[in-house]
Amino acid sequence: MLHVAVVGSGPSGVYSAQGLVQRSGPPDIRVDVLDRLPCPYGLVRYGVAPDHEKIKSLQNNLRTVLENERVRFLGGVQVGPGGVPVARLRELYHAVVYCVGAATDRHLGVPGEDLPGSWSATEFVSWYSAHPDSVTDGFVAGARSAVVIGIGNVAVDVTRILARGAPELNPTDMPQAALSALAASEVTEISMVGRRGPSQARFTTKELRELGSLPEADVVVDQAELALDPAYLDPSGLPAAQRRNVEVLRGWAAAAPLGRPRRIRPRFFLRPVELLADGGRVGAVRFERTVPDGEGGVTGTGRFEEIEAQLVLRSVGYRGVPLDGLPFDPGRGTVPQLAGRVLRDGVVSPGEYVAGWIKRGPTGVIGTNRPCAKETVTSLLEDAPALVRREVVEDPLAALLADGVRPVEWAGWQAIERAEAELGAELGRGVVKLPDWDALWTAARTARS
Ligand code: NAP
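Every value quoted in this text rests on a predicted model; they were computed, and no experiment measured them.

A.B. asks: Go over the site of the ligand, please, and point to the residues and values.
C.D. replies: Taken together, 22 residues lie near the ligand, and I151, R195, R196, R202 and G364 sit nearest. Between the ligand and S315 there is a distance of 3.4 Å, counted from an oxygen atom to a backbone nitrogen or oxygen. Out of a free accessible area of 920 Å², the ligand has 86% covered by protein chains. Looking at which element gives the most residues to the shell around the ligand, the answer is helix α7 (residues 153-163), with three residues.

A.B. asks: Would you mind going over the nonpolar core in detail, with residue names and values included?
C.D. replies: In terms of nonpolar packing, the biggest core is built from 50 residues, with F124, Y128, L162, L182 and L211 touching the most fellow members. Ranked by residues supplied to this core, first place goes to α7 with six residues. Excluding residues that lie within four positions of it along the chain, L182 makes contacts with F124, W127, V140, I161, L162, L169 and M174. Y41, V65, F73 and A95 belong to the second largest nonpolar core, which has 42 residues in total.

A.B. asks: Any details on the sheet that holds strand β14 (residues 311-314)? Residues and values, ideally.
C.D. replies: Spatial strand order, β6-β14-β7-β8-β10-β9: six strands in an open sheet with parallel pairing. Pairing within the sheet leaves two strands with one partner each, and these edge strands are β6 (118-120) and β9 (217-219). Averaged over neighbouring strand pairs, the angle between their axes works out to 20 degrees when direction is ignored. Across the sheet, helix α6 (residues 121-128) is in contact with β6 and β14; its angle to β6 comes to roughly 75 degrees. Sheet contacts for α7: β7 (145-149), β8 (189-193), β9, β10 (262-267) and β14; angle to β8, the most-contacted strand, approximately 175 degrees.

A.B. asks: Please set out the layout of surface pockets residue by residue, giving values where relevant.
C.D. replies: Empty space within the second largest pocket amounts to approximately 370 Å³. In this structure, the second largest pocket is lined by 17 residues; those nearest its centre are R45, K56, Q59, D173 and V431. Across the lining of the second largest pocket, the residue classes break down as four nonpolar, five polar and eight charged. Each of two domains, domain 1 (2-103 + 320-407) and domain 2 (106-317), supplies a minimum of three residues to the lining of the second largest pocket.

A.B. asks: An account of the packing of helix α1 (residues 11-22) against helix α15 (residues 369-387) is needed here, citing residue identities and associated values.
C.D. replies: Two measures define how a pair of helices packs: the angle their axes make with one another and the distance between the axes. Contact geometry for α1 and α15: axes closest at 8 Å, N-to-C directions at 45 degrees. Considering their axes alone, α1 and α15 lie oblique with respect to each other. α1 and α15 meet at a crossing whose hand is right-handed. Taken together, the residues of α15 that come into contact with α1 (itself represented by P11, S12, Y15, S16, Q18, G19 and L20) are N369, R370, A373, V377, L380 and L381.

A.B. asks: Please set out the domain arrangement of the protein chain residue by residue, giving values where relevant.
C.D. replies: Taken as a whole, the protein chain is organised into domain 1 (2-103 + 320-407) and domain 2 (106-317). Using C-alpha coordinates to define each centre, domain 1 is positioned 33 Å away from domain 2. Between domain 1 and domain 2, the residue contacts involve 11 residues of the former and 16 residues of the latter. Contact between domain 1 and domain 2 buries roughly 1,200 Å² in total, counting both sides, with carbon and sulfur atoms accounting for 55%. Looking at the side of domain 1 facing domain 2, the largest losses of area belong to Y46, P50 and D51, adding up to 45% of the total buried there. The residue D51 makes a salt bridge to R160 at a minimum N-O spacing of 2.7 Å. The tally of links from domain 1 across to domain 2 stands at five residue pairs in polar contact (both at pLDDT 80 or more).

A.B. asks: Lay out the pairing of strand β1 (residues 2-7) in plain terms, naming residues and giving numbers.
C.D. replies: In terms of burial, β1 is a largely internal element, six of the six residues being buried. Here β1 pairs with strand β2 (residues 29-34) via six bridges, running parallel. Residue pairing for β2: L2 is matched across the bridge by I29. Running through α1, the crossover from β1 to the neighbouring parallel element β2 is right-handed. Here β1 pairs with strand β4 (residues 95-98) via four bridges, running parallel. Across the sheet, the residue bridging to V4 is A95, located in β4.

Conventions used here
- Residues numbered from 1 in each chain as written.
- Predicted model: local features only at pLDDT ≥ 70, side-chain atom pairs only at ≥ 80, totals over all residues.
- Heavy atoms only, no water.
- Near = heavy atom within 4 Å.
- Polar contact = N/O pair within 3.5 Å; in protein donor to acceptor, adjacent residues only side chain to side chain.
- Areas by Shrake-Rupley, 256 points an atom, 1.4 Å probe, with all protein chains shown as cover.
- Helix = DSSP H or I, 4+ residues; strand = E, 2+ residues; numbered from the N terminus.
- Core = buried A, V, L, I, M, F, W, Y, C linked by side-chain atoms within 4.5 Å.
- Buried < 20%, exposed > 50% of the residue type's maximum accessible area, 1.4 Å probe, protein only.
- Contact = heavy atoms within 4.5 Å.
- Pairing = 2+ DSSP bridges.
- Axes fitted to C-alpha atoms, helices over the stretch in contact; angles between N-to-C directions.
- 1 Å grid on protein atoms, 1.4 Å probe; cavity = no way out; pocket = protein on both sides within 12 Å on 5 of 7 lines; lining within 4 Å.
- Points joined across faces, edges and corners; volume = space filled by probe spheres on them.
- Nonpolar A, V, L, I, M, F, W, Y, C, P; charged D, E, K, R; others polar.
- Domains from an automatic or database assignment.
- Parallel < 35°, antiparallel > 145°, perpendicular 65-115°, else oblique.
- Left-handed = near helix turned anticlockwise from the far one by under 90°.
- Buried area = accessible area lost by both parts, 1.4 Å probe.
- Salt bridge = Lys/Arg side-chain N within 4 Å of Asp/Glu carboxyl O.
- Right-handed = clockwise from strand over helix to strand, strands pointing away.

Below, the structure written as structure tokens:
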């Protein structure tokens, strides 16, 4: 029997578990999937926007893996300082696969970045996704204009959520406090600003196009600004994905606004240089106009522009954080690895693996994690005959319990799901997520008593 711990129950963790238990032949493999939260599914639960029900329904596929008889979900287990040390996990399991994602956000490094009213998109996403670490409701209060910095898919997500009205948000599983705050929002201008041009934007066409289908928002683009990008005028040489983005923007440029209550303004060739204060909070963002440098990058022009904003969401990408006891490459924000095998000082460390964003950086869509996890699992299975020779305890869970660890097992998670259905019924909505640690622990405990 080969005992494997997978740390993290997001897509890369669950796909890794799936790859391990799906294959037949010796050795028999048992997988414990650990997560710091009492709830599984990682960014599918706490990152995919609540109005993207179809992507969220991927949870049903992940669920079948976690309900496999050879897989155990152990939620509420912190790995690292204050929890189970990396070295202890290595003692208990023949192999450990770290699928811990990229837990923090990149910084802009410009003055005013930390002014009140300026948040990372990650903080905003955590709030409307009911992440229990989210601590404030004050995002949109007092704001009329918002600037979203960055033009990736997260920027599109937060722009869309800001632009949606209460009737569109009500059917989602968004926590009640976020729904109430967004329903009362007076934000009418939302600028989504890229430092490069339309043909270099990171968003995908499906996500971009969706902005044009929101019932309460017009998309307003400036044809002259778009035309700073030579590929906007002649997109024929662009790869298909970029060409489609440009075509969507050209369509908006040709259409007249319909006078809807909110306006989404995709902006380009503006690089943020400073967040400006007004009355103790952010009041505007100062940008430098850029121009294409002919090699896919941009150069500054020395001309500046300010966009009013009482709410700024910095959406410039995620970043991995080091896990105590594991090597870390601070330049890339990932764990050094070769085909998923963790490298310590450039040498493969037996029994330690990575998959997902902590392996390859914060890129790609959920499906990208399938081949990523597959590569790691293939390495692990190649190593299995050697790994299984090391003696470990018969039941790692019993050893963890003896260490004082109190995991939320599958029944505890199911109790949380029931509590969320009950809360939704009380509020006259569908499922509504529990937004804080207390509520999650209380619900999980009902499964134990
Ligand atoms: P991203 O795709 O890497 O986009 C980051 C954006 O921030 C880019 O526009 C980048 O511009 C900009 N940026 C970076 N540093 C900047 C700076 N200093 N000043 C101004 N702009 C800066 O990251 P993301 O949006 O966080 O998404 C992460 C991953 O999750 C992506 O693979 C994304 O596709 C995926 N995702 C998918 C979905 C979906 O499928 N619906 C939803 C959400 C996220 P440059 O290009 O110029 O660097």
